[in-house]
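Examining the three-dimensional arrangement
For reference, the chains in residue letters:
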Amino acid sequence: MSALNTTQEQLHAAWQALQHQWRASCALWDDPVSRRFEREFWQDFERVVPATMNEMQKLAQVIAQARRNVK
């Protein structure tokens, strides 16, 4: 397994854990500060992290194809 695959798996696991924790926090934390955090930070995370994971997957495919072409 390549370092990129390992990193993808680590990011995926961390993202799932963070999403779980955010949902648990939302159940207990509902005030203007929580809404501001969601608006200013969390919404960006929800957009950027999955997009990053998708791009990492594409990069892994390109690298795998390049390795096959070299052999």
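Residues numbered from 1 in each chain as written. Predicted model: local features only at pLDDT ≥ 70, side-chain atom pairs only at ≥ 80, totals over all residues. Heavy atoms only, no water.

Summing up its helical and strand segments, the protein chain has two helices and zero strands in all. For 71 residues, the compact-globule formula gives about 11 Å, and the C-alpha radius of gyration of the protein chain, at 17 Å, lies well above that figure. With the C-alpha coordinates aligned to their principal axes, the bounding extent of the protein chain is approximately 60 × 20 × 10 Å. For the protein chain, the residues scored as buried account for 15% of the 71 residues in total. Across the protein chain, every contact between residues at least 6 apart in sequence was considered, and the portion connecting residues at least 24 apart equals 72%. On the protein chain, roughly 5700 Å² of surface is accessible, and the fraction owed to carbon and sulfur atoms is 58%. Computing the positive centroid from 9 side-chain charges and the negative centroid from 8, the protein chain places the two 11 Å apart. (Helix = DSSP H or I, 4+ residues; strand = E, 2+ residues; numbered from the N terminus. Rg over C-alpha atoms; globule rule 2.2 N^0.38 Å. Buried < 20%, exposed > 50% of the residue type's maximum accessible area, 1.4 Å probe, protein only. Contact = heavy atoms within 4.5 Å. Areas by Shrake-Rupley, 256 points an atom, 1.4 Å probe, with all protein chains shown as cover. Lys, Arg positive; Asp, Glu negative; His and termini not counted. Charge placed at Lys NZ, Arg CZ, Asp CG, Glu CD.)

This brings us to helix α1 (residues 3–28). A rise of 1.5 Å per residue sets the reference length of α1, with its 26 residues, at 38 Å; its end C-alpha atoms lie 38 Å apart and thus fit the reference within 8%. Every buried residue belonging to α1 is among Leu4, Gln8, Trp15 and Trp22, and all of these are buried. (Expected span 1.5 Å × (residues − 1).)

Take the packing of α1 against helix α2 (residues 32–70) next. Two elements in contact, α1 and α2, have axes separated by 11 Å at closest approach and are oriented at 160°. Compared by their axis directions, α1 and α2 come out roughly antiparallel. Note that α1 runs across α2; the crossing there is left-handed. The class makeup of the residues in the contact of α1 with α2 is 15 nonpolar, eight polar and two charged. (Axes fitted to C-alpha atoms, helices over the stretch in contact; angles between N-to-C directions. Parallel < 35°, antiparallel > 145°, perpendicular 65-115°, else oblique. Left-handed = near helix turned anticlockwise from the far one by under 90°. Nonpolar A, V, L, I, M, F, W, Y, C, P; charged D, E, K, R; others polar.)

Let us now look at the environment of aspartate 31. Along the chain, aspartate 31 falls in the loop between α1 and α2. At 3.1 Å, the side chain of aspartate 31 and the backbone nitrogen of valine 33 are in polar contact. Among the polar contacts listed, one links the side chain of aspartate 31 to the backbone nitrogen of serine 34, at a separation of 2.8 Å. (Polar contact = N/O pair within 3.5 Å; in protein donor to acceptor, adjacent residues only side chain to side chain.)

With that settled, consider the nonpolar core. By size, the foremost hydrophobic cluster in this structure holds five residues: Trp15, Trp22, Trp42, Val49 and Met53. Where this core is concerned, the elements lending two or more residues are α1 and α2. Broken down by element, this core gets its largest block of residues, three residues, from α2. If sequence neighbours within four positions are ignored, methionine 53 has contacts with Gln8, Leu11, His12 and Trp15. (Core = buried A, V, L, I, M, F, W, Y, C linked by side-chain atoms within 4.5 Å.)

Shape is all these values report; function is a separate question.
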